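Single-letter residue listing:
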Amino acid sequence: MYRTHTCGQLRAKHVGKEVLLSGWVHKHRKMGGLIFLDLRDRFGITQIVIDSKDKKIADKAKKLKYEYVVKISGDVLMRDKKDVNKNLSTGKIEVKAKDLEILSESKTLPFEIFESGKNEEDEELRLKYRYLELRRKKLRDTIIFRSEVVRYIRQYMESNSFIDISTPILTVSSPEGARDYLVPSRLHPGKFYALPQAPQQYKQLLMVAGFDRYYQIAPCMRDEDARADRSPGEFYQMDCEVSFMDQDDFFKLMEPLFVELTEKVAGKKCMQKPFPRIPYKEAMDRFGSDRPDLRYDLELTDISKWAKKTKFNVFNKANCIKALVVDRGNDFTRKIIDNDLCDAAERQGAKGLAWLKYIDNEFEGGVSKFFTKNELDKLRKLLNIEDNSIIFFAADTWETACLSLGAVRAAIAEKRELPDQNVIAWSWIVDFPMYEKDEDSGKIDFSHNPFSMPQGGMKSLKTKNPLDILGFQYDIVANGLELSSGAVRNKDPEIMYKAFAIAGYTKKQVDDKFGHMINAFEFGAPPHCGLAPGIERLVMLLSSETNIRSVVAFPKNQKAEEPMMGSPAKVDSEQLKELGLRVINKKSKK
RNA sequence: GGACCGGUAGUUCAACUGGCUAGAGCACCGCCCUGUCACGGCGGAAGUUGCGGGUUCGAGCCCCGUCCGGUCCGCCA
C-alpha cells in the first residue's frame, strides 16, 4: 500500500489519524535537529516533519534531494497557530513521520520544479524535459483545466442529443486546404493514406446518413507552419454538425455552450449576450479585422471622400483611406509610431503609416503640412476630433487599409492594456464572401470553404457578380481569436457544380475530387450546418494563455519537432523497403 | 521561402563606451543549525561566452559567415 490520502487532502479534522502519503520531495529544509519536507503530488503539498533523533528515518531523510519519490507513514498533527501556512490548503496540519521509504531517486534537475520567479527557462529545454515541466503547478493546472473544458463540452453536447462518432484517422488526401500528412500503404505500394485535416467530409456524410447531431473531439493534422496561436502538425477540434437547422437555429443551440464555458468553467464574464452578429464587411470596416477584439472601442472611419478632395498624393492614388482617432495623442512619440505602430501596419501590407496630431487645438506633425487649414477643419468635424488626439491613416486597397489600421488598433490596445482579462467578448462574424480575386493572376477562387451554401442559392450564382456573392459562412470569434469557421453546407449537386464552375472547375474535375460527396447528396441530403472550434484556442482563451504550447501536454516546436521523443525521426531501411519507399536527398536532386 | 529578435556555469540573469583572473541567486558537494515553509550560516566545485573566421595591443561586447530557438509574413478552405 502506498497511500491512504493524497498530498492535498489532509485537514484539521484528520488530526490524530495515522496516514500513509506518497509523493515527490518538492522542497526540503534541513534544520539539524528537525527536517521539514514538502511532499507533493498533483493534488497539493503536505508538510512532513522528521525528528533527527529518530535514527531509523533521520539517516534516510538526510539523503533526500529534490524530486525523490518517497512513501511516508506518520501521524497528522495540528500546527501551532504561529506555524500555520496560509498558502497551503493543508497548511493547518503537518505529518510527523514514523517511517520513510525512498521509492525512487532523482538526478540533479535541469531546472527546478517550484516556480521561484517570473523567469522562464529556454523553451527547448522545457520541451525536452516536458514531463518535469508538467510537474509545475502552472502547467499542471492548465492541463487539468483543459480536461475540465473538454468534460464540460461533452456533457453539453450529450445532453443536447449529439452523438459522438469517431471518423477515420487513415483517410485520403484532399486537394484543397492545407498540406496533408501522408502515410504510406504497405499493402498498396506507391499509394498513400492522408491524416485528416478535419473530418469535414465524413461529418457531412453522417448528416446524409441521418445522424442529425454529431460531435467529436477530433484530432486534426495539417503540415503547415506554426504561429503563437497555431500548433504545427496537430491539434484538436470540437467538431460538430447538425441537420434541419438554419444558421440562426444553430447559433441559438451552440451559444449557451460558449456562455457556460466562459461563466461556469472559466469564471469570466461575457461582454455581450446574445453574441453580436457582425457581417464580415462591417467587422473589417469598423475594426480592421475579421476577428476583432471587441473588448475595447477604437473604431476606424472611412474618410476616402474627404481624402480624395485633398492634394495629398498618397491619398489621391489609393482606393480607400481609413482613419483611426486615438486620445492622449501626446503619448505617441516618434519612436513608438515609427517602431511599433508602423511595423504593425507594414506587416499587414501597408507601405507606411501616415499620422498627424491635434494638440492645443492645432494640427501638427506627420502629414499635417500636406493639407490646407480648411481641409483640416473639415477633417476635425468629420472625425469629431477632440483636443490632444492623434489620427492615424491607412491608404491602400480596401482590404489592406482596413487590415493595416486594424493592426495599429490592436497594437495600441495592447500597449495601453485596454483588454480586460476577465472578460470574453464573443461574436459571430457572418456573411463572408464566397469568392475572392487573386491580385496577381486575377483569378476568382473560393475565399473559404467551397462546400458552403451561397446566400440566394442558384439565383445568386447565376445573376450576381461572383465577388458580391455572400456565403452562409460564419466564424465564432472571441477577444481577437478565431475559434472556428463554420457554414451552412451546400448539399445541392447542381448548385455545387455551378459554384465550382465560377472558381474555374469543370464538372469532371469536381466529380474526380468530390464525386463521392455529390453521389451521397443525390440520395436525400438534409440541410445541415456545423462548426469546429479548436480545443487549444478555446482553452487558451478561457485561461488567458497567449501561447498555444502552454495548453498542450506534449507540444511540437516551431519546426514541428517534438524534442523529448525526437520526432520526426529516420526509420531503418527495412521499414522503407517493406513500404516500397526510397529516400532521395533533397539537395542532390537539384 | 522571407523579415526581425535572441543564444554567457545545470539554470535564471549580470558584466557601462572593447580593458576580465567573466560575476551573482537558485540547484549541486561538504560542515553547522529543533519550528522552517523562497529557512538561515560558513566553505567548495562548476564556463571553449552556440560554432567558425576577421578587425584590434586586447573581443562576451565590433564585423562576416554559420547553426539553433522564438515572433511575424507567406501558408493555414
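All values reported here derive from a predicted model rather than from experimental measurement.

Peer 1: Explain the side chain of threonine 310 residue by residue, including any values.
Peer 2: Positionally, threonine 310 belongs in the loop between helix 8 (304–309) and helix 9 (313–317). In this structure threonine 310 comes out as buried when scored by relative accessible area, which is 3%. Beyond its immediate stretch of four places on either side in the chain, threonine 310 contacts Phe315, Asn316, Phe371 and Glu375.

Peer 1: Could you give me a rundown of the sheet that holds strand 14 (residues 320–327), with the residues and numbers involved?
Peer 2: Taken in spatial order, the 5 strands line up as 13-14-17-15-16 in an open sheet, and their pairing is antiparallel. Here the strands that pair on one side only, and so sit at the sheet edges, are strand 13 (300–302) and strand 16 (362–364). On average, each strand axis in the sheet is inclined to that of its neighbour by 25°, with strand direction left out of account. Pairing of strand 15 (residues 354–359) with strand 17 (residues 389–396) involves 5 bridges; the strand directions are antiparallel. Bridging across to strand 17, tryptophan 355 finds its partner in phenylalanine 392. The strands touched by helix 12 (residues 398–415) within the sheet are strand 13, strand 14 and strand 17, with strand 14 carrying the most contacts at an inclination of about 15°.

Peer 1: Quick rundown of the packing of aromatic side chains? Include the residues and the values.
Peer 2: Inspection of every chain in the model, using the stated rule, returns 24 aromatic pairs. With a centroid separation of 5.0 Å and an interplanar angle of 40°, the aromatic rings of phenylalanine 258 and tryptophan 426 are classed as tilted. A residue pair is termed long-range when its members are at least 10 positions apart, and phenylalanine 258 in helix 6 (residues 247–265) and tryptophan 426 in strand 19 (residues 426–430) qualify at 168 residues. A residue is classified by how much of its surface remains accessible, and phenylalanine 258, at 0% relative accessible area, is buried. Accessibility expressed as a relative area gives 1% for tryptophan 426, which makes it buried. These aromatic residues form a ring-pair network of at least three members: Trp306, Phe312, Phe315, Phe370, Phe371 and Phe393. Here lysine 27 stacks its cationic end above the ring of phenylalanine 114, 3.7 Å away from the centre of that ring.

Peer 1: Give me the environment of aspartate 38: which residues, what numbers.
Peer 2: If you trace the backbone, aspartate 38 turns up in strand 2 (residues 34–41). Along the backbone, aspartate 38 and lysine 63 are 25 residues apart, and their C-alpha atoms lie at a distance of 15 Å. In this structure aspartate 38 touches Trp24, Val25, His26, Lys27, Arg29, Ile45, Thr46 and Gln47, once residues within four positions along its chain are discounted.

Peer 1: An account of the confidence of the model for chain A is requested, with residue identities and associated values reported.
Peer 2: The share of residues in chain A with pLDDT of 70 or more is 98%, and the mean pLDDT across the chain is 91. This complex was scored by the predictor with a pTM of 0.92 and an ipTM of 0.89.

Peer 1: Kindly report on the nonpolar core, identifying the contributing residues and their values.
Peer 2: One finds Ile153, Met157, Met238, Phe250, Met254 and Trp426 to be the most contacted residues of the largest nonpolar core, which totals 67 residues. Per-element accounting of this core gives the leading share, 9 residues, to helix 6. The next biggest cluster of nonpolar side chains, apart from the first, holds 23 residues, and it includes Leu324, Ala401, Ile412 and Ala413.

Peer 1: Before we move on, could you go through a nonpolar patch on the surface and cite the residues and values that matter?
Peer 2: A cluster of nonpolar residues, Ile169, Leu170 and Tyr193, forms a patch on the protein surface that exposes about 250 Å² of accessible area. Inspection of the secondary structure puts leucine 170 in the loop between strand 6 (163–164) and strand 7 (182–184).

Peer 1: Would you mind going over the domain arrangement of chain A in detail, with residue names and values included?
Peer 2: You'll often see interface size given as the accessible area lost when the parts meet. Once the domains are mapped, chain A shows domain 1 (7–104) and domain 2 (296–418). Just the C-alpha atoms count here: the centres of domain 1 and domain 2 sit 62 Å apart.

Peer 1: Account for unusual backbone geometry, naming residues and giving values.
Peer 2: Each neighbour pair has its own omega, and for lysine 273 with proline 274 the value is -10°, a cis peptide bond. Along the chain, proline 274 falls in the loop between strand 11 (269–270) and strand 12 (277–279). Residue proline 568 is reached from serine 567 by a cis peptide bond, and omega for that bond is -5°. In the Ramachandran plot, aspartate 212 falls in the positive-phi region, its phi being about 50° despite a non-glycine side chain. Relative to the elements of secondary structure, aspartate 212 occurs in the loop between helix 5 (200–208) and strand 9 (213–222). At aspartate 431, a residue that is not glycine, the phi angle is positive and equals roughly 60°.

Peer 1: How would you summarise the pattern of salt bridges if you had to cite specific residues and measurements?
Peer 2: Enumeration over the complete set of coordinates arrives at 37 salt bridges. Across the salt bridge formed by aspartate 512 and lysine 508, the nearest N and O atoms sit 3.0 Å from each other. Highlighted residues: aspartate 512 and lysine 508, both in helix 15 (residues 507–521), separated by 4 residues, approximately one helical turn. As far as the burial class goes, aspartate 512 and lysine 508 line up, both exposed. Through salt bridges with shared partners, a single ionic network connects Lys203, Asp239, Glu241 and Arg489.

Reading the values: the criteria
Residues numbered from 1 in each chain as written. Chains lettered and ligands numbered in written order. Predicted model: local features only at pLDDT ≥ 70, side-chain atom pairs only at ≥ 80, totals over all residues. Heavy atoms only, no water. Helix = DSSP H or I, 4+ residues; strand = E, 2+ residues; numbered from the N terminus. Buried < 20%, exposed > 50% of the residue type's maximum accessible area, 1.4 Å probe, protein only. Contact = heavy atoms within 4.5 Å. Pairing = 2+ DSSP bridges. Axes fitted to C-alpha atoms, helices over the stretch in contact; angles between N-to-C directions. Phe/Tyr/Trp six-rings, centres within 6.5 Å; stacked < 30°, edge-to-face > 60°. Lys NZ or Arg CZ within 6 Å of the ring centre and 35° of its normal. pLDDT = per-residue confidence, 0-100. Core = buried A, V, L, I, M, F, W, Y, C linked by side-chain atoms within 4.5 Å. Patch = residues over 30% accessible without salt bridge, like charges linked within 9 Å, V, L, I, M, F, W, Y side chains within 5 Å. Areas by Shrake-Rupley, 256 points an atom, 1.4 Å probe, with all protein chains shown as cover. Salt bridge = Lys/Arg side-chain N within 4 Å of Asp/Glu carboxyl O. Domains from an automatic or database assignment.

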